[in-house]
Each structure stands twice: as C-alpha cells, then as structure tokens.
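Read off the chains here:
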Amino acid sequence: MTRWIVLAVPVAGVADMDREAQTVAEFEGNAEEAAAALLQAATGFEHGRRKTRRREVFKASDRSYFVRLQGRLSTYGFLIQLAELVHDTDSAPGAHSEVASNELE
C-alpha cells in the first residue's frame, strides 16, 4: 500500500506566524482512496476556531484544491494538496544494518 499525506498550505489572509503548512491527514491506500481523502479534506478543512460563513472549494489539479474560507471579518485561502511518499530511509530493508556493517569493515 502507498502512504499519503494531505497538506494544508496557507496562501492568503493568514498571519505570518501561521504560515506553516500543516498535515491534515496521513494514511495508506491506493490512488482512488487518496483522491477521495483529498476531496474530503478540502470540503471539511477548518482554519482554527473561527466560524466559517462561506466555504468555496476550487479544483486546481488532480492532487490539489484551493479552499477559500470566509469568516465574519476575514477571508483565508489554503491550498490543500495530496502528497505520495516516494522515499523513506526507514523503510529500506536493512538500511541501518548495512550502514553499521560498512562502518565495522
């Protein structure tokens, strides 16, 4: 199974101290399950504890949506993106043992 994460990247209306991307979901599944999880994350994403008066979700690509949240006083924009794990040093068979054995030689 492939590992995926869904990220929310602030692009508009967010204070500088809140500009960090955040992981919304992390899961294993196939491409169809990942696409469904991405759409669910985009339609259900909430920014903080502020009440959302209006939510607009725009499809930007097969792996990203732009979400515009309008509150009472402010409007916020987020890019909700799907990312597929393509490399992980901990998942390589014997990665740590090979390094350790090479150091002993």
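In this text the structure is predicted, and so the values were computed from the model without any measurement.

Q: Whenever I open this one, the confidence of the model for the chain confuses me. Can you help?
A: Caution is warranted with low-pLDDT regions, since their predicted coordinates should not be read in detail. Summing up the model confidence of the chain, the mean pLDDT is 84 and the portion of residues at 70 or higher is 79%. Within the model, the stretch residues 95-105 combines pLDDT values under 50 with 3 contacts to residues more than four positions away or in other chains.

Q: Would you mind going over the sheet that holds strand 2 (residues 22-29) with me for this structure?
A: Strand pairs in the sheet, formed through backbone hydrogen bonds, run parallel or antiparallel to each other. If you trace the 5 strands from one edge of the open sheet to the other, you get 2-1-5-4-3, paired in antiparallel fashion. What marks the edges here is a single partner per strand, and that holds for strand 2 and strand 3 (54-61). Here the average twist between neighbouring strands, direction ignored, is 20°. Looking at chain direction, strand 3 and strand 4 (residues 64-70) are connected through 7 bridges and run antiparallel. Residue pairing across strands places R55 opposite L69, the latter belonging to strand 4.

Q: Sorry if this is basic, but what is going on with the pattern of salt bridges here?
A: When the charged atoms of two side chains with opposite charge come close together, those side chains can pair. The full count for this structure, using the stated rule, is 7 salt bridges. Note that R3 is salt-bridged to D88, the shortest N-O span being 3.5 Å. With R3 in strand 1 (residues 2-12) and D88 in the loop between strand 5 (75-84) and helix 2 (95-104), the pair connects residues that are 85 residues apart, well separated along the chain. Residue R3 is classed as partly exposed on the basis of its relative accessible area of 34%.

Q: What am I meant to see in the nonpolar core here?
A: Soluble, globular proteins show a tendency: their nonpolar side chains are buried together. Membership of the largest hydrophobic core comes to 17 residues, with the highest contact counts inside it found for V6, F27, L38, F45, F78, I80 and L82. Those elements that provide at least two residues to this core are strand 1, helix 1 (31-44), strand 4 and strand 5. It is helix 1 that contributes the most residues to this core, 5 residues altogether. In contact with I80, other than residues within four places in its own chain, are V6, L7, A8, L38, A41, A42, F45, R63, S64, Y65 and V67.

Reading the values: rules and limits
Residues numbered from 1 in each chain as written. Predicted model: local features only at pLDDT ≥ 70, side-chain atom pairs only at ≥ 80, totals over all residues. Heavy atoms only, no water. pLDDT = per-residue confidence, 0-100. Contact = heavy atoms within 4.5 Å. Pairing = 2+ DSSP bridges. Helix = DSSP H or I, 4+ residues; strand = E, 2+ residues; numbered from the N terminus. Axes fitted to C-alpha atoms, helices over the stretch in contact; angles between N-to-C directions. Salt bridge = Lys/Arg side-chain N within 4 Å of Asp/Glu carboxyl O. Buried < 20%, exposed > 50% of the residue type's maximum accessible area, 1.4 Å probe, protein only. Core = buried A, V, L, I, M, F, W, Y, C linked by side-chain atoms within 4.5 Å.

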